[in-house]
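# Understanding the architecture of this molecule
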Amino acid sequence: MSNYHIKHLEEYYQVYRKSVRNPEIFWEEIAEEHFMWRKKWDNVLSWDFTKPEVKWFEGAQLNITENCIDRHLHIRGDKTAIIFEPNNPEEEAQHISYRDLHDKVCRFANVLKEQGIQKGDRVCIYLPMIPELAISVLACARIGAIHSVVFAGFSSSALATRINDATCKMVITSDGSYRGAKTIDLKGIVDEALKECECVETVLVAKRINTDIHMETGRDHWLQPLLDEAYHDCVPEVMDAEDPLFILYTSGSTGKPKGMVHSTAGYMVYSAYTFKNVFQYREQDVYWCTADIGWITGHSYIVYGPLCNGATTVMFEGVPSYPDFGRFWEIVEKHKVNQFYTAPTAIRALAKEGVEHLEKHDLSSLKVLGTVGEPINEEAWHWYDDNVGKRKAPIVDTWWQTETGGIMITPIPYATPTKPTYATLPFIGIQPALMDENGNEIKGNQVDGRLCIKFPWPSMARTIWGNHQRYKDTYFSAYENKYFTGDGALRDEVGYYRITGRVDDVIIVSGHNLGTAPIEDAINEHPAVAESAIVGFPHDIKGNALYGYVTLKETGESRNQNNLRKEINQIITEQIGPIAKLDKIQFTNGLPKTRSGKIMRRILRKIAGKDTSNLGDTSTLLNPEVVQDIMDNAL
Ligand code: 6R9
C-alpha cells in the first residue's frame, strides 16, 4: 500500500477539513487508492440517523481477506505477518509469513466449509491468544461466515448467552489455555455452555495444553487432522460492502449484552486507514497491541488494521506479570517493537512494580506508544512517557468503542502535540459534538458535555444483532440526529478533547466494560439476597473497582457475612466471569430509592468513593433513613 501518512499538524488540519467538507469525495479517494475491490461502489454513502440506517460503498464487492493477505503475497510474501509470542518465554516464538498465513487461512476456511459452514452462518470463536484465533477469524471472513469472538475469560453461562443470541452453528475452541502459571480448562467451559445451546452442531478443538478432555462423538472434532487433510487454496467468497463481517458483544447498562454488527467494506477502510496514521506504521516496523482479540481493540488493531497494511503484528498469549513484571519489556526488546499499544490498567500495574524491570531492557526501538480502554490518569501518563518512551515516543491516547469499530479521537503521533489525559483531536472524518442536558449542542471551547458524533464514519456498527430497535434506543434516541456515545467529555481552549468517563451505568474495570444490571441480576439469584446495587469506586490499578451494596432477605437466621461474600462472588464468576467480581460487599438494611422506586446510585457512588461531603438533597428519597446507616457501615 502506498504511503498515506499525515506528517504534521497543518497537514492534519488540511486533511481533516477536506474530510468533513466533502466526506464522500474524501473516503472515495481513500477506498479507491488503498484497497482491492472485486467491484467498485455505486454510491459512497447513504445515511439516515432517524431510522437509523447507514451504508458505505453500497454496490461494491470485495473480500477483506484478499485485502489482508492475498494482495501482499507478490510484494511481501516472505514478510512476517504475525509474530506469536507464547505464554512461556522458554517456548520459541513463531513467525508466520504472509505466505504461511495464506495457506493456514485457506486450509481453515476449507475445513469450515467441509463442516457445513456457509456464507452468513454465525461461528463462535472461544480461543486463547494463539495463532488459531487470528486464523479462524480470517477463515470465517474468507468464506463469508460471520464470526462472533467471545473473550476466553468469560464464563460458560456468559458464553452460552452469546452463542444463543447469534444462533451460532459452530464453536471453535481449544483443549485449554495458559495464563501465566495457570492452565484453564476451556473445553470444559464450552461443554458446560453447550448444555444450553441447541443451535451448535459442531465444535472444532485446537490442541494447546495437551490435556485429556471429553470429546462428544459426532459433535467435537480435533482441528489439526482436519487441517492436515484440507486443500491449500480457497477462493474467497465475494461479499457485498454492507454484508456483516462480525458480531462482537459489548455490555449495556441494562439487560443482555449487545451484539454489535460490523459490516465489511466500511470497517475495512476505516480500521486500515486509522491503523496506518495513528501508529505511523512503516514497512519495516514491528507493531504490538497487547489487547486480546476477544475485544474490539484486538479485532481492529491486531488483526484487520495491521494485516490490511501488510504490517508485522505481535500476538502475545500471556500476561504482563509472568514470569515477572519485566515480560512486556523483554518482548519489546526481543522483537524490536516499534509501536506498542496497551491499556491504562496495564500501565498502572507495571508502574507499581517500579522501574527496575524496565531498566534491564533495551526499549530504544519504540517510536509510538498507545493507550486505550479507559481514561488515563496523569500519573500513569507521565510514567509511560518518562520510563517507557523516554520522552521520545509520543503517546497516542486513543478514544473509541466497540460500536465505533475504529479510533475516533486521538493525536497523530509526531503531528499533534500531546497533552496528558487528553485524547486531543478528532480523527480524520470524525465530527464530534458536546451536548447539554436539554439536547442542545454546546459550541465553542472550554466547555463540557455529553459526547456525540454528528456524521457517519465508515466503521460504525450498523445494528445490534436481532434487535434494531435497541440499537436505535441506545445510540440514536438521546439526541436528535446524533450518535450518542455514553461518555462525557470536555473540550479545552484549543479544542482538545478529554474523555471524563461513562455517564450511564457501565463501569470500566481494568479496561473491561461491565454493565451493572447483569451483575446485580447474578447477585440477586443468591437465595439469601433480597436486592443489590453495584457502583464503581476509584482503584489504583484497575481504574475502577466494584462495590456492591446487598440487602439480605429477612429470614431470621444469621449467616456468616464472609461466607456470603464468597458465595456472591462465586455466582458472579459463574455467570459473568472473574473480571466482574466485587472488591467490596457491604450488607445494608435497604437501598436509597427515589419515589418512583429507582435506586439512587449517585449517592451510593459517593459513599463508595468516600466522598460524603456533598450528598445532595436526600430528603426526596422514599427512605432517607437508610443513607446514614449505609454511611456508618461503609467499607
Ligand atoms: C476500544 C474500547 C468503550 C469505552 C468508551 C470509554 C472508554 C475507551 C478510552 C476511553 C477514555 C480513552 N474508553 N478508550 N475512555 N479514554 N482513550 O475500549 O472499546 O471496550 O467498547 O469500551 O471505553 O468509556 O465508551 P470498548
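The protein appears in an unreviewed UniProt entry as Acetate--CoA ligase from Kordia periserrulae. On record in UniProt, under Sequence similarities (unreviewed entry), the comment for the protein is "Belongs to the ATP-dependent AMP-binding enzyme family."

### Digging into the overall build of the protein
When helices and strands are tallied, the protein shows 20 helices and 30 strands. Its C-alpha atoms give the protein a radius of gyration of 24 Å, near enough to 26 Å, the size a compact globule of 635 residues would have. Here the protein holds 635 residues, and 61% of them are scored as buried. Within the protein, counting contacts between residues at least 6 apart in sequence, those at least 24 apart form 71% of the total. For the protein, the accessible area works out to roughly 24600 Å², and carbon and sulfur atoms hold 46% of it. Placing the 68 positive and 85 negative side-chain charges of the protein at their respective mean positions leaves the two points 3 Å apart.

### Examining the packing of helix α17 (residues 516-524) against helix α18 (residues 561-575)
The contact between α17 and α18 brings their axes to 9 Å, and the two run at 125 degrees. For the element pair α17 / α18, the angle class is oblique. When you trace α17 past α18, the crossing you get is right-handed. Residue-level contacts link I519, A522 and I523 of α17 to I568, I571, I572 and Q575 of α18. Tallied by class, the residues present in the contact of α17 with α18 amount to six nonpolar, one polar and no charged.

### So, the environment of L194
Structurally, L194 is set in helix α8 (residues 186-194). Spatially, the C-alpha atom of L194 lies 32 Å from that of S459, the residues being 265 residues apart in sequence.

### With respect to the domain arrangement of the protein
Assigned domains within the protein: domain 1 (2-475) and domain 2 (506-632). On a C-alpha basis, the centroid separation for the pair domain 1 and domain 2 is 33 Å. Contact residues are listed per partner, giving 19 residues for domain 1 and 22 residues for domain 2. Of the roughly 1400 Å² buried at the junction of domain 1 and domain 2 (both faces included), carbon and sulfur atoms supply 53%. Counting across the interface, domain 1 meets domain 2 through zero salt bridges. Here the side of domain 1 that touches domain 2 takes four residues from helix α13 (residues 344-352), the largest share from any one element. Class assignment of the residues belonging to the side of domain 1 that touches domain 2 gives a composition of four nonpolar, twelve polar and three charged.

### Comments concerning the site of the ligand
As a structural note, the neighbourhood of the ligand is formed by 17 residues, with D397, T398, T402, D487 and R502 the closest of them. One of the backbone N or O atoms of P375 is found 3.3 Å from a nitrogen atom in the ligand. Note that an oxygen atom of the ligand is positioned 3.1 Å from one of the side-chain N or O atoms of N513. Compared with its free state, where it exposes 530 Å², the ligand has 96% of that area covered by protein. For the shell around the ligand, the secondary-structure elements that each account for two or more residues are α11 (296-308) and β25 (497-502). Tallied by class, residues from the shell around the ligand come to seven nonpolar, six polar and four charged.

### A word on helix α12 (residues 327-335)
Because an α-helix completes one turn every 3.6 residues, residues spaced three or four positions apart along the sequence face the same direction. Buried residues of α12: R327, F328, W329, I331, V332 and H335, and no others. Backbone geometry just downstream of α12 places K336 in the positive-phi region, at approximately 50 degrees.

### Remarks on the sheet that holds strand β4 (residues 80-85)
Working definition: the strands of a sheet are paired by backbone hydrogen bonds and lie parallel or antiparallel to each other. Strand order in the open sheet formed by seven strands is β5-β4-β17-β16-β18-β19-β20, and the pairing between neighbours is mixed. Looking at the sheet topology across the chains shown, the edges are occupied by β5 (94-97) and β20 (395-397). Geometrically, the sheet is characterised by an average inter-axis angle of 20 degrees between neighbouring strands, direction not taken into account. Across four bridges, the pairing between β4 and strand β17 (residues 312-316) is parallel. Residue pairing for β17: I82 is matched across the bridge by T313. Packing of α12 onto the sheet brings it into contact with β4, β5, β16 (286-289), β17 and β18 (339-342), and relative to β4 it is tilted by some 145 degrees.

Reading the values: rules and limits
- Residues numbered from 1 in each chain as written.
- Predicted model: local features only at pLDDT ≥ 70, side-chain atom pairs only at ≥ 80, totals over all residues.
- Heavy atoms only, no water.
- UniProt positions renumbered as here; feature names shortened; annotations may be inferred.
- Helix = DSSP H or I, 4+ residues; strand = E, 2+ residues; numbered from the N terminus.
- Rg over C-alpha atoms; globule rule 2.2 N^0.38 Å.
- Buried < 20%, exposed > 50% of the residue type's maximum accessible area, 1.4 Å probe, protein only.
- Contact = heavy atoms within 4.5 Å.
- Areas by Shrake-Rupley, 256 points an atom, 1.4 Å probe, with all protein chains shown as cover.
- Lys, Arg positive; Asp, Glu negative; His and termini not counted.
- Charge placed at Lys NZ, Arg CZ, Asp CG, Glu CD.
- Axes fitted to C-alpha atoms, helices over the stretch in contact; angles between N-to-C directions.
- Parallel < 35°, antiparallel > 145°, perpendicular 65-115°, else oblique.
- Left-handed = near helix turned anticlockwise from the far one by under 90°.
- Nonpolar A, V, L, I, M, F, W, Y, C, P; charged D, E, K, R; others polar.
- Domains from an automatic or database assignment.
- Buried area = accessible area lost by both parts, 1.4 Å probe.
- Salt bridge = Lys/Arg side-chain N within 4 Å of Asp/Glu carboxyl O.
- Near = heavy atom within 4 Å.
- Polar contact = N/O pair within 3.5 Å; in protein donor to acceptor, adjacent residues only side chain to side chain.
- Pairing = 2+ DSSP bridges.

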